[in-house]
Structures are given as C-alpha cells and as structure tokens.
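Breakdown of the fold
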Amino acid sequence: MSATPIPERPPHLSAAVARQLERWISEQRLPRGAQLPTEKLLCEKFGVSRAVIREAISRLKADGCVTTRQGSGAYVAARPGQGSFRLLHGPSPSATIPTDEISDVFELRCLVETGAAERAALRRTPADLTRMHEALARMDEALAAESDAVGDDDAFHVAIAAATQNPHIERFQAFMGRQFSDSRAPTWSGEGHRSGRARQAQAEHARIFDAIACGDADAARAAAQAHLVCAARRLGLDPSRWGNEQLEGAE
C-alpha cells in the first residue's frame, strides 16, 4: 500500500505568519514582557497549524522581538521597530543631537520612503489601500479634534512600506518610525495644529495616497519626496545639503 502524500505547506508560510504576528504586536501596542496568546489561540487567529506558529515564534525570537519561557509561553521582548541599534544618539531630536545627524537620517528616510512609495504604487492590493486609508481617516479625525496623531502618522508610512510586498522594507520602515517618531510630535502638537503644520502634512499624505491608489509610480515617488523635504523644513533642516538639486523644487 502506497502512502498518501502529505500536502506541502506554501513556501515561506511561517515567515508570512511571523510578519503578521509582528504587525499585530505593534498594532496592539503590547509592552515589553506582555504574554502572547496561547498556541491554540494563535492557530485559530491565523488559520495555521501549531507547527507553523512555532516556526513563526522562532523567527521572531531570532529577530529579538519575542522571548520564550519553557512551560509558560511566548512574551514580547521588544516592540517591532525597537532594537539595540540606534540611528540617533538620543531618544528623539533635541538640542543635544547635532542637526547634521538628524538631517542625515532624513536623507536616509528620503531614499527609502520615495522608493517604497514608488513600488507601493505598482504592487499595492485593495487591502493595502484600505490600511492606508484607515490611517488617513484617523489623522483626519485628529485634525478635526486638534489632537495627537503621531501613531497614526507612523502607521500610514508603515502601511505604504507593507504595500511594496517586501517584508524587509516594511520592517525597516517600522524601525525608522520607532527611531524617529518623536520628530512628528511638533506637527501634531497644539502649536502644530494652530500653525497649520498638521494640515499641511495631512495634505501631503493625501497626495501620496492618491498617487499610490492610481498606480502612478512617478507621482507617488514625487509626492513622497515632497513630503520628506517639507517635513525636514518644518524641523528647520536644510534639504539642499542632501546634494539632490531636484529636492529644491519639492514642495
């Protein structure tokens, strides 16, 4: 009697589940030390086997995102985007951090985020557009209420990175968001609302979203570049030192 072949799992299934679980940890804002749901609940949530969940947890453990305790389960070791590597010498931009260093980080963001927006326009799915739109809607609500939307601002940019369908770009954007999230605080502060900075930033977000939704890669790249240039200028930085003459006209 011949054995019945065991159906193969789709390739990289555990990697996909690991990224979904990492995203869920971020969306739930689980603190360090928080216990994850049991394997049984995670199996039900993601619709996969215990073996896949265990592989996904192992991947996140290797990434330093979770830790495991024998007989107890898995726990959050560090929120997605947080790690031992730091781009800046402090937790947020301040007088103690050289302006040139902050500008260098913005140049890095510009290189990554413009490319991400371009690829998102070519690869985005309906679900990706929904995720971006939901973040935009929450920022619109914050505009109306003149409230903080730093987390939603971060979520919008991570959603764009996710739409590239490249998990490394998504994880890098999450890392950048955690590293430089405080740079968005002045935009969404009370003064940011009164001065119009929040409304300006949201208009820039809308232009990026519209270009991605239309599948216009060139327009998406240009809109993302204009947003980063304007964001840098809102912090008093000079984008011209990035050495790209095109940035001078990005508004």
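Structure's up top.
For the structure given in this document, a descriptive report is provided here. Nothing here was measured: the structure is a model prediction, and the numbers come from that model.

**Some remarks on the overall build of the protein**
Counting its secondary structure elements, the protein contains eleven helices and two strands. Ordered by position from N to C terminus, the α and β elements of the protein give α-α-α-β-β-α-α-α-α-α-α-α-α. Out of the 251 residues belonging to the protein, those deemed buried represent 46%. Sequence separation of at least 24 residues holds for 67% of the intrachain contacts in the protein that already meet a minimum separation of 6. For the protein, the accessible area works out to roughly 13200 Å², and carbon and sulfur atoms hold 51% of it.

**Some words on the nonpolar core**
The biggest cluster of nonpolar side chains holds 26 residues, and the ones touching the most others in it are Met132, Phe156, Ile160, Trp188, Ile208 and Ile212. Listed by contribution, the elements that provide at least two residues to this core are helix 4 (99-123), helix 5 (126-145), helix 6 (150-162), helix 10 (197-213) and helix 11 (217-234). With seven residues, helix 5 is the single largest residue contributor to this core. In this structure Met132 touches Phe156, Ala159, Ile160, Ala163, Phe209 and Ile212, once residues within four positions along its chain are discounted.

**Describing the environment of Gly115**
Here Gly115 shows up in helix 4. Residue Gly115 is classed as buried on the basis of its relative accessible area, which comes to 9%. Considered as a pair, Gly115 and Asp218 are 103 residues apart in the sequence and their alpha carbons are 9.9 Å apart.

**Things to note about the pairing of strand 2 (residues 73-76)**
As paired elements, strand 1 (residues 66-69) and strand 2 share four bridges and run antiparallel to each other. Paired with Arg69 across the two strands is Gly73, which belongs to strand 2.

**A look at the packing of aromatic side chains**
All chains considered together, the criterion is met by zero aromatic pairs. The ring of Phe106 has Arg109 sitting right over it, with the charged end atom 5.0 Å from the ring centre.

Rules and cut-offs
Residues numbered from 1 in each chain as written. Predicted model: local features only at pLDDT ≥ 70, side-chain atom pairs only at ≥ 80, totals over all residues. Heavy atoms only, no water. Helix = DSSP H or I, 4+ residues; strand = E, 2+ residues; numbered from the N terminus. Buried < 20%, exposed > 50% of the residue type's maximum accessible area, 1.4 Å probe, protein only. Contact = heavy atoms within 4.5 Å. Areas by Shrake-Rupley, 256 points an atom, 1.4 Å probe, with all protein chains shown as cover. Core = buried A, V, L, I, M, F, W, Y, C linked by side-chain atoms within 4.5 Å. Pairing = 2+ DSSP bridges. Phe/Tyr/Trp six-rings, centres within 6.5 Å; stacked < 30°, edge-to-face > 60°. Lys NZ or Arg CZ within 6 Å of the ring centre and 35° of its normal.

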